Each structure stands twice: as structure tokens, then as C-alpha cells.
Amino acid sequence: MTAELIDGKKAAERLRARVAELAALFAEDAGRKPGLAVVLVGEDAASSVYVRSKGKATVAAGMESFEHRLPADTAQADLIALVDRLNADPAVDGILVQLPLPGGLDAQAVLTRIDPDKDVDGFHPVNAGRLATGLNGFVPCTPYGCLMLLKAQLGELSGLNAVVIGRSNIVGKPMAALLTAADCTVTIAHSRTRNLPHHLAHADIVVAAVGRAGFVRGEWLKPGAVVIDVGINRTPAGLVGDVEFESAASVAGAITPVPGGVGPMTIACLLRNTLVAAHRREGIALDPQAI
Ligand SMILES: Nc1nc(=O)c2c([nH]1)NC[C@@H]1CN(c3ccc(C(=O)N[C@@H](CCC(=O)O)C(=O)O)cc3)C=[N+]21
């Protein structure tokens, strides 16, 4: 292996420590802690683990964590009613409804019901529109975390060729928007892209978010490319990313591992967004560039 390992765990720890310092200052000024409400519907094992680690990280950062666990057979109207209560609750700065929702529930309707100024996931169409048009809003945590890792690795991104593999509303599309805003030349590839190796051959930056284990092969990469692997695939061999790690690590300049890469940054960025939401709601200044 020749590639440098990008330590997302360490980067996330640093970000969380900075968020905790600023959360303590916020609490002094506002007389209350920033608050994050997390809603989990059903008993999906992976979701349950994520929600628990989000709650722990929230408290560790000096924020209030409000956890709402609802049964899998919750009616759409009851879930909407909970979102309405959280929207109206002054102690709640951020609302996250854990995805995926159990079958029968309309996720889009729920996400659209969240107050855009409490939408720390950045999934509301208003926040997608703000990102697309360069307005201040909330950026989805996973692509925001990827951007932070890229900037820490490369410094200036202007003029670089970036290929984003995957076009989801949660990762691929906002990732492409962030890289475009950072003056990269951006290609969005996906499962139906013809001749992916052709596109990757010129990519200085590769962000893989297709949800297929080992989809991206090292031979396709430009030597020295920086590779961000968003994939979290549970296979018999364990947790693996969307990039074939061994072959990629012998060609890339730097690469994120799975686990220990993008995942921890996602949670740290959620705390960051919650801190920003709290400041905006209280009218307390916070330089977003400071974190
Ligand atoms: N409304 C909503 N917002 C989300 O942000 C959201 C969601 N729903 N549903 C599920 C996905 C997934 N997600 C992850 C968060 C942390 C890790 C993470 O910390 N992973 C560690 C450990 C991985 C493990 O051991 O399972 C790592 O990669 O090192 C991974 C994945 C947030 N998501």
C-alpha cells in the first residue's frame, strides 16, 4: 500500500472537541444547551446503533439529546404530529428523523414537514435549494464531512477534477453541489454510467457513494488520486466500502478506510449543524468558517 490513510476518526474527534467548546460558550450566552431531537421509528438493528451513538456524541459535546423511539407500526399522522411538536419546542434546535423509515411511511412527507431551520440533516427541499443556489442553509452531514476531509488533505480544491459516484439526495447530489461551489470540475457518475474507468482516469478526487461493496477498482484510478469512500456495506467478510481497498490503496495518493473514515465525520457534522442551528435560532453570532 502506498496511499496515505485519511484518519476520519481523528478528524471527527477534533471537530467534536471544537463543537463542544463552542457549545459551552453558547450555553453561557443563551442560558441553555443546544438541543438535538432524534426520532427512530421501528427496530432496525443498524439504525438503533447509529441513534445510540448520535445520542452519546450529543451529550459528550455538551448538548441536550432528546430521543424519540416509536413502534414500527406508527401511523403517518402520528409521526407528523411528533415532528410538529418538535418544530414548536423551543428547547429543540435540530431534528433528525432516522432513515430508512419502515414500509408504509412516506419519508418525503415527513422530511418536508421539518422546519427547514431545524433541519440539521439538510434533507428538506428548502435546504437542498439553498445549497444549490449558494444560500446559507444546512448541508447534509455526510457530504459536508467528505468536503472537510478533502480540504484537510488537499488544501485548495479549485480546478481539480472530481468524480462523484452516486446521485442520491443524501450524498451524491449535495456532494456534487459542494464540489462545484469549491470550483472543482465535477462529474456525477452512477450505476448506469458507461465506461466509468474512462471518467476516473482523469479524476483528482473520487467520492464513492453507490452502495455496492468494492465497486470501484484501483486499476481505474488516476495515480495519486484522493479517494473518499462513503460506502458502508455489511458483507460476510465484515464492513466494507464501495472501493476495493487493497487495489485502490496501491494507486491512490490518499484514501479513507471503512470503518474509521467518513462515518465518524457524519456524526461530528451533525453536532456542528446543531450548534449552528442553535446560534441562528437565538440570534447569537457564530462564524461558520470557525468550525
Ligand atoms: N436521517 C438520517 N441521517 C443520517 O445521517 C443517517 C440516517 N438517517 N440513516 C443512516 C445513515 C448512516 N449514517 C451513519 C452515521 C455514522 C456512521 C459511523 O459512525 N460509522 C462508523 C462505524 C461503522 C459501524 O461499525 O457500523 C465508521 O464508519 O467508522 C455510519 C453511518 C447516518 N445516516
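Criteria and thresholds
Residues numbered from 1 in each chain as written. Predicted model: local features only at pLDDT ≥ 70, side-chain atom pairs only at ≥ 80, totals over all residues. Heavy atoms only, no water. Helix = DSSP H or I, 4+ residues; strand = E, 2+ residues; numbered from the N terminus. Rg over C-alpha atoms; globule rule 2.2 N^0.38 Å. Buried < 20%, exposed > 50% of the residue type's maximum accessible area, 1.4 Å probe, protein only. Contact = heavy atoms within 4.5 Å. Areas by Shrake-Rupley, 256 points an atom, 1.4 Å probe, with all protein chains shown as cover. Lys, Arg positive; Asp, Glu negative; His and termini not counted. Charge placed at Lys NZ, Arg CZ, Asp CG, Glu CD. UniProt positions renumbered as here; feature names shortened; annotations may be inferred. Phe/Tyr/Trp six-rings, centres within 6.5 Å; stacked < 30°, edge-to-face > 60°. Lys NZ or Arg CZ within 6 Å of the ring centre and 35° of its normal. Salt bridge = Lys/Arg side-chain N within 4 Å of Asp/Glu carboxyl O. Core = buried A, V, L, I, M, F, W, Y, C linked by side-chain atoms within 4.5 Å. Domains from an automatic or database assignment. Near = heavy atom within 4 Å. Polar contact = N/O pair within 3.5 Å; in protein donor to acceptor, adjacent residues only side chain to side chain. Axes fitted to C-alpha atoms, helices over the stretch in contact; angles between N-to-C directions. Parallel < 35°, antiparallel > 145°, perpendicular 65-115°, else oblique. Left-handed = near helix turned anticlockwise from the far one by under 90°. Nonpolar A, V, L, I, M, F, W, Y, C, P; charged D, E, K, R; others polar. Pairing = 2+ DSSP bridges. Disulfide = S-S within 2.5 Å.

## Details of the overall build of the protein
At step 1: Assigned secondary structure in the protein consists of 10 helices and 11 strands.
At step 2: Relative to the globule expectation of 19 Å for 291 residues, the C-alpha radius of gyration of the protein, 19 Å, shows essentially globular dimensions.
At step 3: Overall, the C-alpha framework of the protein stretches about 50 × 40 × 35 Å when taken along its three principal axes.
At step 4: Counting every position in the protein, which comprises 291 residues, the buried fraction comes to 48%.
At step 5: Taking as baseline every contact in the protein between residues at least 6 positions apart, the subset at least 24 positions apart corresponds to 69%.
At step 6: In the structure as shown, the protein presents an accessible area of about 13100 Å², 53% of it carried by carbon and sulfur atoms.
At step 7: Here the protein contributes 27 positively and 30 negatively charged side chains, and the mean placements of these two sets differ by 2 Å.

## Some words on the UniProt feature "domain: Tetrahydrofolate dehydrogenase/cyclohydrolase NAD(P)-binding" (unreviewed entry) in the protein
At step 1: Mapped onto this numbering, the UniProt entry annotates "domain: Tetrahydrofolate dehydrogenase/cyclohydrolase NAD(P)-binding" (unreviewed entry) at residues 140–281.
At step 2: Annotated as 38% helix and 18% strand, the span residues 140–281 places its first and last C-alpha atoms 19 Å apart.

## With respect to the packing of aromatic side chains
At step 1: Summed over the entire model, instances satisfying the criterion amount to 0 aromatic pairs.
At step 2: We note Arg-280 situated over the ring of Phe-138; from NZ or CZ to the ring centre the distance is 5.0 Å.

## Some thoughts on the side chain of Asp-121
At step 1: Among the structural elements, Asp-121 can be located in the loop between helix H4 (107–113) and helix H5 (125–133).
At step 2: As a buried residue without a salt bridge, Asp-121 has its nearest oppositely charged side chain in Lys-54, at a separation of 5.9 Å.
At step 3: Residues within four places of Asp-121 in sequence aside, it is in contact with Leu-96, Val-97, Val-139, Pro-140 and Cys-141.

## A closer look at the nonpolar core
Most often, soluble globular proteins have nonpolar side chains that are buried together.
At step 1: Core analysis: the biggest nonpolar cluster contains 53 residues, and Leu-150, Leu-157, Met-175, Leu-179, Val-207, Ile-228 and Val-230 have the highest contact counts within it.
At step 2: Here this core takes 10 residues from helix H10 (residues 262–282), the largest share from any one element.
At step 3: Taken together, domain 1 (30–116) and domain 2 (141–263) each give at least three residues to this core, which thus spans both.
At step 4: Setting aside its immediate chain neighbours within four residues, Leu-150 contacts Gly-155, Leu-157, Met-175, Leu-179, Ile-205, Val-207, Val-226 and Ile-228.

## What to know about the side chain of Ser-47
At step 1: Mapping Ser-47 onto the fold places it in helix H2 (residues 45–60).
At step 2: Contact partners of Ser-47, with chain neighbours within four places excluded, come to Leu-40, Gln-98, Leu-99 and Pro-100.

## A few points about the domain arrangement of the protein
At step 1: In terms of domain boundaries, the protein breaks down into domain 1 (30–116) and domain 2 (141–263).
At step 2: Here the C-alpha centroids of domain 1 and domain 2 sit 29 Å apart.

## Description of the site of the ligand
At step 1: What surrounds the ligand is a group of 17 residues, the closest being Val-97, Gln-98, Leu-99, Asp-121 and Gly-260.
At step 2: Take Gln-98: an N or O atom from its side chain is 3.0 Å from a nitrogen atom of the ligand.
At step 3: Leu-99 places a polar main-chain atom, nitrogen or oxygen, 2.8 Å from a nitrogen atom of the ligand.
At step 4: In isolation the ligand exposes 670 Å². Once the protein is present, 76% of that is buried.

## Points about the packing of helix H1 (residues 8–30) against H10
At step 1: Following both chains from N to C, one finds H1 and H10 inclined at 20 degrees, their axes separated by 9 Å at the closest point. If you check the angle between H1 and H10, you find them roughly parallel. H10 is crossed by H1, and the crossing has left-handed handedness. Contacts from Gly-8, Lys-9, Ala-11, Ala-12, Leu-15, Arg-16, Val-19, Leu-22, Ala-23, Phe-26 and Ala-30 of H1 reach H10 at Pro-264, Met-265, Ala-268, Cys-269, Leu-271, Arg-272, Leu-275, Ala-278, His-279 and Glu-282.
At step 2: Per-class residue counts for the contact of H1 with H10 are 15 nonpolar, 2 polar and 4 charged.

## Here we look at the sheet that holds strand S5 (residues 161–165)
At step 1: Strand order in this open sheet of 6 strands is S1-S11-S8-S7-S5-S6, and the pairing throughout is parallel. The strands lining the two open edges of the sheet, one partner per strand, are strand S1 (4–5) and strand S6 (185–189).
At step 2: For S5 and strand S7 (residues 205–208), the ladder comprises 4 bridges, and the chain directions are parallel. Each residue of the ladder has a partner; that of Ile-165, found in S7, is Ala-208.

## Re the state of the cysteines
At step 1: Under the defined criterion, the tally for this structure stands at 0 disulfides.
At step 2: Free of any disulfide, Cys-141 has its nearest cysteine sulfur in Cys-269, 6.2 Å distant.
At step 3: Take Cys-141: its relative accessible area is 4%, and that puts it in the buried class.
At step 4: Cys-146 supplies the cysteine sulfur nearest to Cys-184, a cysteine that is in no disulfide, at a spacing of 13 Å.

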